[in-house]
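Remarks on the overall topology
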Amino acid sequence: MRVGGGGGGGGGGREREVALLLVLIAAACGFVVVLLNLPDGRALPGAVGERTGGTHVSVKERRMVEIVRQQQDVAAQELEGQTDENAAEADERISRSPPGTKEKLWMMQDQLIMAKAYLQFASPHGSAHLVRELKLRVKEIERVISHFSSSSRVPTSALQKIRAMEMTLSKAQRAYPHCSHMTAKLRAMTHQSEELVRAHRSETSFLEQVAVRTLPKGHHCLAMRLTSEYFLLDPKEREFPQRYTMQMGGLYHYAIFSDNVLASAVVVNSTVSASKDPKRIMFHIVTDALNFPAMMMWFLTNPPTPATIRIKSLDHLKWLPADFSFRFKQKGIRDPRYTSALNHLRFYLPEVFPSLNKLVLLDHDVVVQRDLSGLWEIDLKGKVNGAVETCSSGDGYHRLENLIIFSDPSIINKFDAKACIYAFGMNIFDLKEWRRQGVTTTYNKWFQAGKRRKLWKAGSLPLGQLVFYNQTVPLDHRWHVLGLGHDRSIGREAIERAAVIHYSGKLKPWLEISVPKYRDYWNNFLNYDNLYLQQCNIHR
């Protein structure tokens, strides 16, 4: 970079020497800052301060100054309030400027970097006058650069600002003569910041897990109130009116396995609201013994008219093994999503509903936005399951190899590692074909194999990929949009055109940690004026 001569008559020998000295100081101090990014503290190759002649700075020095510019980018942006877009425009103007003008502009940018570096490391007990002077010079140089035209020459006023900045930087260099002091301070700051970030990440992860596993206070209150009210009812009042039998044709059967009253209410309310013919809908909710009274009381007082509803407890399914509710507990895994017996009950659908031939299974963290009767018209082509694929072209994350351990011979010889993962949460099942092909037996075989040795990651999803491998028909993606419980980038258009939106992930809509912009899709299907919700302080 040429630092002397040219442009507006301001280039005496003394000025060139001062300018060169300041650039060398910038390179030296900046070089130390760059060292902080090297793991072992070694210097970059090339000596600082080599000259190729007269008033020229070496290429190596120029590269070092450019590295400093990059390293100081974030701090510079904060101080100057300049956006990336403005910075790009400034660089474009500089690139179109005449050679002499371009050198002056680069010099001004280098001066800005030096001045901001000194401001970053200014001691709180240092010279307040010098700090004010540096800030003033920074504003002056920024103003000159921002008003510069790509075709104009450097005006005399700009050269005066450059010389004024040179004098101020000379004062700052005398006030902060030891780059090693800056280095030690920056190393300490970097270490402290890294430790703070690590601690915050650990704390965030812990609190997130606590929030996921803990029932909100209002939900706990609701369950207790509903349970106590249920047992105050006369036994004759504890049953739903039987308007239809399961053997009646033409009904759309929906199954929901859940221990969450409000979540189940949203699924039911949204399905009824979106249906073209809700009187043909029959809901089947299966819950655990603890939450059965609360679930019953909620829907007794808030029936999904004109649809029909039936609620069962796991205890009512006498054919289940006695240890069914506890067999899915795994050492070191406390997340209820991975250890819930209700999640594994989906693999026994033909046994739970022996008189049904087809039904839709909905997870309790979904909202139905479109009529789903069209699912019963889809040709499953002799397969058992209809579901949406979760992978797209070139997306390796949602492939089978990310859930299943393919180092095991029993896995690698039977499954394709690159096979796409299918979603659970909104599935249409042909139970007649399920029985014919003995899918439940397949599930039991893989479940027992997984108990003997680790074959997949935690939860029922990986196991489900094996059970329904080559037994699933892909559905149009508009039937089911996933990820509202972890992906903040899902667009409004994709959400609103979906038949079912799914809060898959940790950030469930009934938790305070949920994604705010997705909450209303769920909240819209709860009546927050309900007396029980008011009593338990449950609000939007």
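As named in an unreviewed UniProt entry, the protein chain is Hexosyltransferase, taken from Oryza punctata. What UniProt records for the protein chain under Sequence similarities (unreviewed entry) is the sentence "Belongs to the glycosyltransferase 8 family." According to its UniProt record, the protein chain has this under Subcellular location (unreviewed entry): "Golgi apparatus membrane".

Okay, the state of the cysteines next. This model, assessed by the stated rule, comprises 2 disulfides. The side chain of C221 participates in a disulfide bridge whose partner is C536; the two sulfur atoms lie 2.2 Å from each other. Since a negative S-S torsion denotes a left-handed disulfide, the C221-C536 link at about -75° is left-handed. Highlighted residues: C221 in helix 9 (residues 217–232) and C536 in the segment after helix 21 (531–535), separated in sequence by 315 residues. Each disulfide pairs two cysteine sulfurs, and for C391 the partner residue is C420, the sulfurs being separated by 1.8 Å. Every disulfide takes its handedness from the sign of the S-S torsion; for C391 and C420 that torsion is -140°, giving left-handed. Note that C391 is positioned in the loop between strand 6 (385–387) and helix 15 (409–412) and C420 in the loop between helix 15 and strand 7 (426–430), a separation of 29 residues in sequence. With a relative accessible area of 10%, C391 lands in the buried category.

Here the focus is helix 9. With 16 residues, helix 9 should reach 22 Å at 1.5 Å per residue; the first-to-last C-alpha distance of 23 Å fits that figure. Listed in full, the buried residues belonging to helix 9 are G218, H219, L222, A223, L226 and Y230. For helix 9, the buried positions fall inside an angular range of 135° around the axis, keeping them on one side. Looking at helix 9, the residues exposed on the side facing more than 90 degrees away from the buried face are K217, M224 and L232. Looking at the buried side of helix 9, the elements it contacts are helix 10 (261–274), helix 11 (292–301) and helix 21.

Further remarks concern the sheet that holds strand 9 (residues 480–481). The strand order 5-10-9 describes an open sheet built from 3 strands, whose pairing is mixed. The sheet terminates laterally at strand 5 (366–368) and strand 9, the two strands that pair on one side only. Of the pairings in the sheet, the one linking strand 5 to strand 10 (residues 500–502) comprises 3 bridges and is antiparallel in character. Across the sheet, residue V366 finds its bridge partner in strand 10, namely H502.

Our next topic: the environment of M297. If you trace the backbone, M297 turns up in helix 11. Given a relative accessible area of 5%, M297 falls into the buried group. If sequence neighbours within four positions are ignored, M297 has contacts with L226, E229, Y230, L233 and Y532.

Let us look at the sheet that holds strand 4 (residues 358–362). Pairing within the open sheet is mixed, and its 7 strands lie in the order 3-2-1-4-7-6-8. Looking at the sheet topology across the chains shown, the edges are occupied by strand 3 (308–313) and strand 8 (472–474). The average undirected angle you get between the axes of adjacent strands in this sheet is 25°. Across 2 bridges, the pairing between strand 1 (residues 252–257) and strand 4 is parallel. The residue of strand 4 that forms the bridge with Y254 is V360. The sheet strands contacting helix 10 are strand 1, strand 2 (281–287) and strand 4, and the helix crosses strand 2 at an angle near 170°. Along the sheet face, helix 11 touches strand 2 and strand 3 and points at about 170° away from the line of strand 3.

The next subject is the pairing of strand 7. Across the 5 residues that make up strand 7, a large majority, 5, are buried. Residues M426, I428 and D430 line one face of strand 7 and the alternating positions N427 and F429 line the opposite face, and both faces are buried.

Overall, the coordinates contain 17 aromatic pairs when judged by the stated rule. Relative to W376, the ring of Y254 lies with its centre 5.3 Å away and its plane at 75°, an arrangement referred to as edge-to-face. Of the two residues, Y254 is situated in strand 1 and W376 in the loop between strand 5 and strand 6; the sequence distance between them amounts to 122 residues. Of the aromatic side chains, those joined through ring pairs into one cluster are W319, F324, F347, Y348, F424, F429, W434, Y443, F447 and F468. The residue whose ring lies beneath R238 is Y230, and the NZ or CZ to ring-centre distance is 5.2 Å. Above the plane of the ring of F424 lies R346, whose end atom (NZ or CZ) is 4.8 Å from the centre.

Turning our eyes to something else, we now look at helix 17 (residues 439–452). In a regular helix each residue adds 1.5 Å, so 14 residues correspond to 20 Å; helix 17 covers 21 Å between its end C-alpha atoms and thus fits that length. Taken as a whole, helix 17 has its buried residues at V439, T440, Y443, W446, F447 and A449. Contacts from the buried residues of helix 17 go to helix 13 (341–344), helix 14 (349–352), helix 15, helix 16 (431–437) and helix 18 (460–467).

The rules we used
Residues numbered from 1 in each chain as written. Predicted model: local features only at pLDDT ≥ 70, side-chain atom pairs only at ≥ 80, totals over all residues. Heavy atoms only, no water. UniProt positions renumbered as here; feature names shortened; annotations may be inferred. Disulfide = S-S within 2.5 Å. Helix = DSSP H or I, 4+ residues; strand = E, 2+ residues; numbered from the N terminus. Buried < 20%, exposed > 50% of the residue type's maximum accessible area, 1.4 Å probe, protein only. Expected span 1.5 Å × (residues − 1). Arc of directions from axis to C-beta. Contact = heavy atoms within 4.5 Å. Pairing = 2+ DSSP bridges. Axes fitted to C-alpha atoms, helices over the stretch in contact; angles between N-to-C directions. Phe/Tyr/Trp six-rings, centres within 6.5 Å; stacked < 30°, edge-to-face > 60°. Lys NZ or Arg CZ within 6 Å of the ring centre and 35° of its normal.

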